[in-house]
Amino acid sequence: MTEKERLEVRERIAKTYLVPVVVLDDAKRAVDTVKALAAGGVDIAEITLRTEAGLAAIEAARKGAPDVIVGAGTVVTSVQCRESIEAGAQFVVSPGLDKNIVECARVMGVPVFPGCVTPTEIMVAIDLGLKVVKFFPANVYGGIKAIKALAGPFPKIKFIPTGGVDLSNLADYIDDSIYAVGGGWLCDKKAVNSGDYAALTKAAADSVAVLRSHGR
């Protein structure tokens with residue numbers, strides 16, 4: 001991935017402000033899933049490695065929906081990081097901070113967003129040259145109130161809160177300290193497994209409407 005491509009990925013995520021957490025049991029549903037999200041105005045998808053279909057789903061989505069930015073989520077080892085990028089992942093998200101994952105993504109030229117919820121973890125992230133981190137699980141670690149408090153000593157760090165965010169409180173997370181908001185409410189697993197792609201499009205569109213109604 002070139003520097004221009006990395007910049008485009010980062011800009012698209014920041015502009016869309018929403019990162020659906022996509023859990024797929026069947027890679028064959030990947031293309032229809034990400035296209036349904038894009039139809040609702042969210043052309044970003046974080047396909048997790050929580051299932052065995054994860055890597056194949058990333059590859060399928062990249063090939064079948066090239067206009068959608070597809071990343072890998074729940075990356076917990078450097079091996080998974082490498083495999084997901086080789087499958088086509090355009091960004092990597094991990095639940096915690098692992099220097100080996102960060103280095104792997106950097107060497108392979110892909111943006112990486114590790115989970116950081118404490119000042120110590122954020123300081124390590126800064127030392128690694130990172131400017132954007134995941135804040136997970138957001139609802140457990142204080143949500144937007146905690147993020148705003150952390151933004152004080154770390155004004156150059158942006159957060160991607162994930163966990164406990166949904167349509168009912170999305171507006172609370174519209175803040176200068178937020179890079180984007182991640183969550184599974186945008187991609188309900190039951191809807192995916194039943195082929196109810198219209199529900200995914202509606203969830204995306206409703207979320208985009210919330211952002212627009214608050215000037216985002």
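Worth saying up front: this structure is predicted, and the values here are computed from it rather than measured.

### Thoughts on the packing of helix H2 (residues 30–39) against helix H9 (residues 197–213)
Packed helix pairs are characterised by how far apart their axes lie and by the angle those axes make with each other.
Moving on, step 1. Orientation of H2 relative to H9, taken along the N-to-C sense of each, is 35 degrees, at an axis distance of 7 Å. Relative to H9, H2 is oriented so that their crossing is right-handed. Along its contact with H2, which presents Asp32, Thr33, Ala36, Leu37 and Ala39, the element H9 presents Tyr197, Leu200, Thr201 and Ala204.
Moving on, step 2. Here the contact of H2 with H9 is composed, by residue class, of 6 nonpolar, 2 polar and 1 charged.

### Here we look at the pattern of salt bridges
Moving on, step 1. Counted by the stated rule, this structure contains 9 salt bridges.
Moving on, step 2. Between arginine 106 and glutamate 103 there is a salt bridge, with the nearest N and O atoms lying 3.7 Å from each other. Residue arginine 106 and its partner glutamate 103 are located together in helix H5 (residues 99–107), separated by 3 residues, close to a single helical turn.
Moving on, step 3. Taking the relative accessible area as the measure of exposure, glutamate 103 reaches 40% and is therefore partly exposed.

### A short note on the pairing of strand S1 (residues 18–22)
Moving on, step 1. Counting buried positions along S1 gives 5 out of 5 residues, so the element sits mostly inside the fold.
Moving on, step 2. The side-chain alternation of S1 yields two buried faces, one formed by Leu18, Pro20 and Val22 and the other by Val19 and Val21.
Moving on, step 3. With 3 bridges joining them, S1 and strand S8 (residues 181–183) adopt parallel strand pairing. Within S8, the residue paired with leucine 18 across the bridge is valine 181.
Moving on, step 4. Of the pairings in the sheet, the one linking S1 to strand S2 (residues 44–48) comprises 2 bridges and is parallel in character. What sits directly across from valine 22, in S2, is isoleucine 47.
Moving on, step 5. Each parallel crossover has a hand, and for S1 linked through H2 to S2 it is right-handed.

Each value, and the rule that gives it
- Residues numbered from 1 in each chain as written.
- Predicted model: local features only at pLDDT ≥ 70, side-chain atom pairs only at ≥ 80, totals over all residues.
- Heavy atoms only, no water.
- Axes fitted to C-alpha atoms, helices over the stretch in contact; angles between N-to-C directions.
- Helix = DSSP H or I, 4+ residues; strand = E, 2+ residues; numbered from the N terminus.
- Left-handed = near helix turned anticlockwise from the far one by under 90°.
- Contact = heavy atoms within 4.5 Å.
- Nonpolar A, V, L, I, M, F, W, Y, C, P; charged D, E, K, R; others polar.
- Salt bridge = Lys/Arg side-chain N within 4 Å of Asp/Glu carboxyl O.
- Buried < 20%, exposed > 50% of the residue type's maximum accessible area, 1.4 Å probe, protein only.
- Pairing = 2+ DSSP bridges.
- Right-handed = clockwise from strand over helix to strand, strands pointing away.

Everything listed here is a matter of geometry and, on its own, says nothing about what the molecule does.
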